[in-house]
Amino acid sequence: MLHSSQKHHHPRVDLINPICMLLLASIGILFIYSAQYSRGGTEWHSQIAWLFIGLSIYTAVSLTDYALFMKYSHWLWLTAVVMLILVKFSPLGVTIYGATRWLNLGFYTFQPVEIAKLAGIVISASILTRSEVGDVKDSLQVLAKMALAISVPFLLILAQPDLGSALVIPIFVFAQLYASNLSKRFFTTAILVFVALVGAILIDNHNYVKFLDENGIDPQNIDRRYQETTWFPLKDYQRNRILTFVNPDKADPRGTGWNREQSIISVASGGLFGKGVRQGSQAQLGYLPRSVAHNDFIFSVLAEEAGFIGSAVVISLFGIVLANSLRIAGQAKDRFGTLLVLGVVALFSVHVFVNIAMTIGLMPITGLPLPFLSHGGTFMVSCCILLGLVQSVYRYRKDF
C-alpha cells in the first residue's frame, strides 16, 4: 500500500500526438517535394519553415493554461470576424480563381478562415460551459447564443465563397452540443433539417441539369448564367462539382471532372507498395494538375507513390491522433476542456475524411486540405495550435 505521504505521478506531457504530428508533417514535406519534383517546385521549403513556426506556437500554446482561451474567447471571436469582414469588404482581400479568401498584410498573405475555425471551437465551448443545458427552455437559450456566435463567421465564409470550410463549422458545433446533453428534440429537428437541405441541393442540381439541356449549354461554359436565375445560394462552379460527383457522364471529364478522374487513377495505380517517391506518373507528368497535387490532392500523390501500405500508415497515424485526443477529452478536469478537445477532434475528422474521400471519388471536390500533409502555411500553423490546445488540456488535467 502507498503511504499517505506518497503522491501519484501524473505525466505532464502527452507524447503520442506530437510524435504522430511530426511523422505526418514529415511525410507531407516528402510528398510535396515529390509532387513538384518534375518542375523544380520549392514549396516544400516553405512547408518546412511553416512547420518550425507551427511547432514553436504549438509549444507556447501547450504550455499555456487553456482556461485563458475561455477568458478571452470573445476577443478571439471578434478578431476572426473582423478578419473575415476585411477579406470580403476591404482592398486587403485577395481574389484567386474567383474566390476571395485571402488577406494581404503586405509581408504575408493568409486565410482568416483557419483563425475563424479556431475561434468557433473556442467560443462554442465557452458558451456551452457558461450556460445551463437541460430542459427545452434552457436549450433554446443556449441555441440562440450559439446561433448568433456561429452564424456570423459561417455566413462570411460562405460569401467568400468557401462552402467546404463553412460546412466544417456546424459539424464541430454539433459534436460539442451532443456532448453537452442538449435536448434530443434539437437533434431530431437538426437531422430533419439536414435531410431537407440535401433534398434541396439535389432538386437544385436536377433543375441545373434541366437548364443546361434546355439551353444546350456545356457545364464548363455556363459562366454564372444559371445562378442568376435561382435563389438557391450556390455558385455554378459549385454545382459543377456536385454534378461531377452525382452525374459524371454529364460533367465535362476534362473540366470539373478532370481532377477527380486523375486522382482516382493515381490512387488506384499505386498498388500495394507504390511506385516509389518521384516515380508517380500522374503527378510527375502533370496529369494530376500541378496547381493542386501538392495541396488538396497530396493524398493522391502519396497513394500512387507509397501504395496501400503508405496510405494505411498515414490513415493509422490520423486514427491514433483522434483516438488519443478523445482519451484526453475524457481526462479533462472541466467541461470547457472536454468540449474544446471534442471540437478539435470533430474538425480534424471532417478534414481527414472529406479530403481522402474526395480523392477516391466518394465525395464531391470541396477543397478541404489534409492536416499536416497539404501545403499551406496558415493551415499548418492552425493545426499546430489546435493540437497545442489538446496538449494544454492534458497538461492541466490535474492539480500538480
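No experiment lies behind these values; they were computed from the predicted model shown.

### Focus on the overall build of the chain
Thought 1: A count of helices and strands for the chain gives 15 helices and three strands.
Thought 2: Across the 400 residues that make up the chain, the buried fraction comes to 49%.
Thought 3: Of all intrachain contacts in the chain linking residues separated by at least 6 positions in sequence, the fraction that spans at least 24 positions is 70%.
Thought 4: Summed over its atoms, the accessible surface of the chain is roughly 19000 Å², and 65% of this surface lies on carbon and sulfur atoms.

### Brief notes about the nonpolar core
Thought 1: In terms of nonpolar packing, the biggest core is built from 95 residues, with L340, F348, F372 and L373 touching the most fellow members.
Thought 2: The dominant element in this core, judged by the number of residues it contributes, is helix α14 (residues 335–359), at 15 residues.
Thought 3: The residues touching L340, leaving out its near neighbours within four places in the chain, are Y66, I121, V122, A125, Q176, L389 and V393.

### Observations regarding the sheet that holds strand β2 (residues 99–104)
Thought 1: With antiparallel pairing, the three strands of this open sheet are ordered in space as β1-β2-β3. Of all strands in the sheet, those bounded by a partner on one side alone are β1 (93–96) and β3 (109–110).
Thought 2: Two elements, β1 and β2, share four bridges in a ladder whose sense is antiparallel. Considered in β2, the bridge of I96 is made with A99.

### A short note on the packing of aromatic side chains
Thought 1: Going through the model one piece at a time under the given rule, you end up with three aromatic pairs.
Thought 2: A centroid spacing of 6.1 Å and a plane angle of 20 degrees characterise the contact between Y66 and F336, whose relative ring orientation is stacked. In this pair, Y66 is assigned in the loop between α2 (43–63) and α3 (67–71) and F336 in helix α14, connecting sequence segments 270 residues apart.
Thought 3: For Y66, a relative accessible area of 0% translates into the label buried.
Thought 4: Pairing F348 with F372 gives two aromatic rings, centres 6.1 Å apart and planes at 25 degrees, and the pair type is stacked. Of the two residues, F348 is situated in helix α14 and F372 in the loop between α14 and α15 (377–395); the sequence distance between them amounts to 24 residues.
Thought 5: Taking relative accessible area as the criterion, F348 reaches 3% and is therefore assigned buried.

### Some points on the environment of P18
Thought 1: Tracing the backbone through its elements, the reader meets P18 in helix α1 (residues 16–35).
Thought 2: Along the backbone, P18 and L55 are 37 residues apart, and their C-alpha atoms lie at a distance of 9.2 Å.
Thought 3: Residues in contact with P18, not counting those within four places in the same chain, are Y58 and Q391.

### Quick word on the environment of R12
Thought 1: When you line up the elements, R12 lands in the segment before α1.
Thought 2: For the pair R12 and R395, spaced 383 residues apart in the sequence, the C-alpha separation amounts to 4.8 Å.

### Details of unusual backbone geometry
Most peptide bonds take the trans configuration, and most residues that are not glycine carry a negative phi.
Thought 1: The phi torsion at R278 lies on the positive side, around 70 degrees, for a residue other than glycine.
Thought 2: The phi torsion at F372 lies on the positive side, around 70 degrees, for a residue other than glycine.

### Thoughts on the environment of A149
Thought 1: You can see A149 is positioned in helix α6 (residues 136–158).
Thought 2: With near-sequence residues (within four places) excluded, A149 lies in contact with W77, I123 and I127.

### Considerations on the pairing of β2
Here is the key point about a regular strand: its side chains alternate between the two faces of the sheet.
Thought 1: Note: β2 against β3, two bridges, orientation antiparallel. In the strand pairing of β3, N104 is matched with T109.
Thought 2: Linking two consecutive strands that pair antiparallel, namely β2 and β3, is a turn of four residues; a positive phi of about 95 degrees is found at G106 within it.

### Quick notes on the pattern of salt bridges
Thought 1: Taken as a whole, this structure holds three salt bridges when the rule is applied.
Thought 2: Residues E114 and K117 are paired through a salt bridge, measuring 3.6 Å at the closest nitrogen-oxygen approach. Here E114 and its partner K117 are both found in helix α5 (residues 112–130), three residues apart, which amounts to about one turn of the helix.
Thought 3: In this structure, K275 and E304 form a salt bridge, with 2.9 Å as the shortest nitrogen-oxygen distance. Of this pair, K275 sits in the loop between α10 (256–269) and α11 (281–284) while E304 is found in helix α13 (residues 298–331), placing the two residues 29 residues apart along the sequence.

### Observations concerning the confidence of the model for the chain
Thought 1: Of all residues in the chain, 88% have pLDDT values of 70 or greater, and the mean over the chain is 83.
Thought 2: Counted against residues more than four places away or in other chains, residues 1–7, with its pLDDT under 50, gives one contact.

Rules used throughout
- Residues numbered from 1 in each chain as written.
- Predicted model: local features only at pLDDT ≥ 70, side-chain atom pairs only at ≥ 80, totals over all residues.
- Heavy atoms only, no water.
- Helix = DSSP H or I, 4+ residues; strand = E, 2+ residues; numbered from the N terminus.
- Buried < 20%, exposed > 50% of the residue type's maximum accessible area, 1.4 Å probe, protein only.
- Contact = heavy atoms within 4.5 Å.
- Areas by Shrake-Rupley, 256 points an atom, 1.4 Å probe, with all protein chains shown as cover.
- Core = buried A, V, L, I, M, F, W, Y, C linked by side-chain atoms within 4.5 Å.
- Pairing = 2+ DSSP bridges.
- Phe/Tyr/Trp six-rings, centres within 6.5 Å; stacked < 30°, edge-to-face > 60°.
- Salt bridge = Lys/Arg side-chain N within 4 Å of Asp/Glu carboxyl O.
- pLDDT = per-residue confidence, 0-100.

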